[in-house]
Amino acid sequence: AYQELDRSLKESAKEINRLREEVSFYRNIISPGNKVAGLKIERLTVDRAGSPADNHYRYKLVLIQALKHDHTIYGRVRLEVNGAQGGRDAMLVFPAPNEKPHNINFKYFQEFEGVMKLPRNFEPSAVKVSITTTAPAAQTLEQNHAWPKL
């Protein structure tokens, strides 16, 4: 009985944490803490996809429009992975030019997911998220993120 109760409590705690994260996410859309309206990069996560030798990584990017939602945002998203390859600085772009672009079209939030296939001898150090909007106004938003320790 004790083990069943302990398992149930742990599951409930996980569910409560998940729900708190969800409420926090929606609160940031409706009423961000800094009270600044507009396009924001809410979250970028990068996780290993496969074995370390494959050098493949799964990413998830979440964009939000904070505070005011009277216009739909249109544009494109690009990820630049900076690092070293063969002892020299290198940069890779995702999605690649031959891949379908990440188009933005949202009022509240939009998520992007994909897999970055890095060359085997490429050592990533940072990711730059670049967002170029065309409507309601042309603007560029860039944000740098350190490469996670995986």
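Residues numbered from 1 in each chain as written. Predicted model: local features only at pLDDT ≥ 70, side-chain atom pairs only at ≥ 80, totals over all residues. Heavy atoms only, no water.

### So, the overall build of the protein
Part 1 of the reasoning: Assigned secondary structure in the protein consists of one helix and eight strands.
Part 2 of the reasoning: Helices and strands appear in the protein in the N-to-C order α-β-β-β-β-β-β-β-β.
Part 3 of the reasoning: The globule rule puts the C-alpha radius of gyration for 150 residues at 15 Å, and the 19 Å found for the protein is more than 25% above it.
Part 4 of the reasoning: Seen along its three principal axes, the alpha-carbon backbone of the protein occupies a region of about 60 × 45 × 25 Å.
Part 5 of the reasoning: Of the contacts made within the protein by residues no fewer than 6 positions apart, 67% connect residues no fewer than 24 positions apart. (Helix = DSSP H or I, 4+ residues; strand = E, 2+ residues; numbered from the N terminus. Rg over C-alpha atoms; globule rule 2.2 N^0.38 Å. Contact = heavy atoms within 4.5 Å.)

### Considerations on the pairing of strand 8 (residues 139-146)
Consecutive side chains along a regular strand alternate between the two faces of the sheet.
Part 1 of the reasoning: When strand 7 (residues 122-135) meets strand 8, the two strands line up antiparallel, connected through eight bridges. Note on strand 8: the bridge partner recorded for V127 is H145.
Part 2 of the reasoning: Adjacent in sequence and paired antiparallel, strand 7 and strand 8 are bridged by three residues. (Pairing = 2+ DSSP bridges.)

### Concerning the sheet that holds strand 1 (residues 38-48)
Part 1 of the reasoning: Reading across the sheet, the three strands line up as 1-2-6 and stay open at both edges, with antiparallel pairing between neighbours. In the strand order of this sheet, the two ends are held by strand 1 and strand 6 (109-117), each with one partner. The mean inter-strand angle of the sheet, taken between neighbouring strand axes irrespective of direction, is 15 degrees.
Part 2 of the reasoning: In this sheet, strand 6 lies alongside strand 2 (residues 56-66) in antiparallel orientation, the contact comprising nine bridges. Across the sheet, Y59 pairs through a bridge with G114, a residue of strand 6.
Part 3 of the reasoning: Contacts between helix 1 (residues 2-30) and the sheet are confined to strand 1, strand 2 and strand 6, with strand 2 contributing the most and set at about 45 degrees to the helix. (Axes fitted to C-alpha atoms, helices over the stretch in contact; angles between N-to-C directions.)

### Notes on the nonpolar core
Part 1 of the reasoning: L61, L63 and M116 are the most contacted members of the largest nonpolar core, which has 25 residues in total.
Part 2 of the reasoning: Of all the secondary-structure elements, those providing two or more residues to this core are strand 1, strand 2, strand 3 (73-85), strand 4 (88-94), strand 5 (102-106), strand 6 and strand 7.
Part 3 of the reasoning: Discounting chain neighbours no more than four positions away, the residues touching L61 are I41, R43, L44, V77, L79, Q110, E111, F112 and V129.
Part 4 of the reasoning: Judged by nonpolar contacts, the second largest core, of five residues, contains F25, I29, V62 and I64. (Core = buried A, V, L, I, M, F, W, Y, C linked by side-chain atoms within 4.5 Å. Buried < 20%, exposed > 50% of the residue type's maximum accessible area, 1.4 Å probe, protein only.)

### Quick notes on the pattern of salt bridges
Part 1 of the reasoning: One pass over the structure, following the stated rule, counts nine salt bridges.
Part 2 of the reasoning: With its nearest N and O atoms 2.7 Å apart, the salt bridge here joins R18 to E15. Separated by three residues within a single helix, R18 and E15 lie in helix 1, roughly one turn from each other.
Part 3 of the reasoning: On the accessibility criterion, R18 (38% relative accessible area) is partly exposed.
Part 4 of the reasoning: A relative accessible area of 36% means that E15 is categorised as partly exposed. (Salt bridge = Lys/Arg side-chain N within 4 Å of Asp/Glu carboxyl O.)

In short, the description is geometric, and any link to function would need to be established separately.
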